[in-house]
Amino acid sequence: MSLSTRVIAALGAVVVIGAGTVGGSIAYASGKDEPSAPKATLVVGRSSIEAAPLCYNDGKPLDEAAQTKCQAAALKAKAKGELPVSDVTVADKIGVGVDPEVAEKGWFAFTDGGQQQRATLSATRTGSTYSGSLPAIGLLASGEKTLVTVVEANEKTGDILGVWYFQLKNKDAAGAPAGGGAEQPGAGTEQ
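I will try to describe carefully the structure that is included in this document. This one's a predicted model, so the numbers in the text were calculated from it and none came from an experiment.

Quick notes on the rules
Residues numbered from 1 in each chain as written. Predicted model: local features only at pLDDT ≥ 70, side-chain atom pairs only at ≥ 80, totals over all residues. Heavy atoms only, no water. Helix = DSSP H or I, 4+ residues; strand = E, 2+ residues; numbered from the N terminus. Buried < 20%, exposed > 50% of the residue type's maximum accessible area, 1.4 Å probe, protein only. Contact = heavy atoms within 4.5 Å. Polar contact = N/O pair within 3.5 Å; in protein donor to acceptor, adjacent residues only side chain to side chain. Core = buried A, V, L, I, M, F, W, Y, C linked by side-chain atoms within 4.5 Å.

1. Notes on the environment of Ala123
For Ala123, the location among the structural elements is in strand β7 (residues 119-125). Owing to a relative accessible area of 41%, Ala123 belongs among the partly exposed residues under this scheme. Separated by 15 residues in sequence, Ala123 and Phe108 have C-alpha atoms that sit 5.1 Å apart. The contacts of Ala123, once residues within four sequence positions are left out, are Trp107 and Phe108.

See the structure below:
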């Protein structure tokens, strides 16, 4: 029984591609000097976007001054359109995910929308990396834009360790005034 030339060539190509991928991955991994900041992921319907924290101190607590500076940086980034943005409709479902090391310490997420201009996406949780999917209609601000805040908080000490911001652009609110909801992005704890 002999293998055809085509099969041998295909197997050879797979081996070469696989070796190149492993070699490239090793080179990439060895070129990293320090671990990167943890990521948060915003899931809207079937799409998702990922971001590094806007405010992070290498896993150490952010003091009050750092949290105030973080809120100011978020407002500035929001005004300049520099926050990660995802389109949303009221029919979508929204969820948030975090890296396992964030879930281990504790985290929560909220929007500046909803009836109270602050809707909970995820109450303080430890161990779980995903909030679950919630209907967008109860999370969106009245205007075209809704701010999503994800906070890493040590559940035992209450220390804020990192803050991520995302922006939702409501496609159903075309022509609605931009920036509805609260104007102050929050970095404080929510229970």
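2. Here's the deal with the side chain of Ser131
Along the chain, Ser131 turns up in the loop between β7 and β8 (134-135). Under the relative-accessibility criterion, Ser131 is labelled buried at 11%. Engagement of the side chain of Ser131 in a polar contact is seen with the backbone nitrogen of Val96, the distance being 2.8 Å. Residues in contact with Ser131, not counting those within four places in the same chain, are Gly95, Val96, Trp107, Leu121, Ser122 and Arg125.

3. Examining the nonpolar core
As a rule of thumb, soluble globular proteins bury nonpolar side chains together. In this structure, Ile94 and Val150 are the most contacted members of the largest nonpolar core, which totals 22 residues. Broken down by secondary-structure element, the contributors of at least two residues to this core are β1 (40-44), β5 (93-98), α3 (100-105), β6 (107-111), β7, β9 (145-153) and β10 (160-170). Apart from the residues within four sequence positions on either side, Ile94 is in contact with Leu42, Val43, Val44, Val88, Leu121, Gly132, Ser133, Leu134, Ala136, Leu139, Leu140 and Leu168. Leu62, Ala74, Ala77 and Leu147 belong to the second-largest nonpolar core, a separate cluster that totals 14 residues.

4. A look at the environment of Gly162
Mapped onto the elements of the fold, Gly162 is located in strand β10. Residue classification places Gly162 among the buried residues on the basis of a relative accessible area of 0%. Among residues more than four places away in sequence, those in contact with Gly162 are Cys55, Tyr56, Leu62, Val150, Val151 and Glu152.

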